[in-house]
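Residue-level structure breakdown
Chain by chain, the residues run as shown.
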Amino acid sequence: MDEEKRITLRLPAGLHERLAERARADRRSLNSEILHLLEAAISRADSDTASP
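Our subject in this report is the structure included herewith. (Residues numbered from 1 in each chain as written. Predicted model: local features only at pLDDT ≥ 70, side-chain atom pairs only at ≥ 80, totals over all residues. Heavy atoms only, no water.)

Residue position: G14 is located in helix α1 (residues 13-25). By relative accessible area, which is 47% here, G14 ends up partly exposed. In the structure, G14 is positioned 28 residues away from I42 in sequence and 23 Å away in space, judged by C-alpha atoms. (Helix = DSSP H or I, 4+ residues; strand = E, 2+ residues; numbered from the N terminus. Buried < 20%, exposed > 50% of the residue type's maximum accessible area, 1.4 Å probe, protein only.)

This is the structure we're talking about:
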C-alpha cells in the first residue's frame, strides 16, 4: 500500500464482536483482520470472474 485512506465504518455490534474474536484468535489487530478478510474476499471474487 503506497497510500492509506481513513474511513469511518459503522458495524453492527454482533459483527464487530465476531471480527474482534477472529482477530484475537489470529493474533491480529481488528484493522489488520478486516484488511486480511477484505483482501481474501476480493482475491476470491477476482479468481471467480477470471474462470470461464
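Think of it this way: side chains of opposite charge can pair up when their charged atoms draw near. Evaluated as defined, the whole model comprises five salt bridges. Measuring nitrogen to oxygen at the nearest pair gives 3.3 Å for the salt bridge that ties E33 to R22. Placement of the pair is E33 in helix α2 (residues 30-50) and R22 in helix α1, with a sequence separation of 11 residues. Residue E33 is classed as buried on the basis of its relative accessible area, which comes to 0%. Between R28 and D26 there is a salt bridge; the shortest N-O distance is 3.3 Å. Overall, R28 belongs to the partly exposed group, its relative accessible area being 31%. (Salt bridge = Lys/Arg side-chain N within 4 Å of Asp/Glu carboxyl O.)

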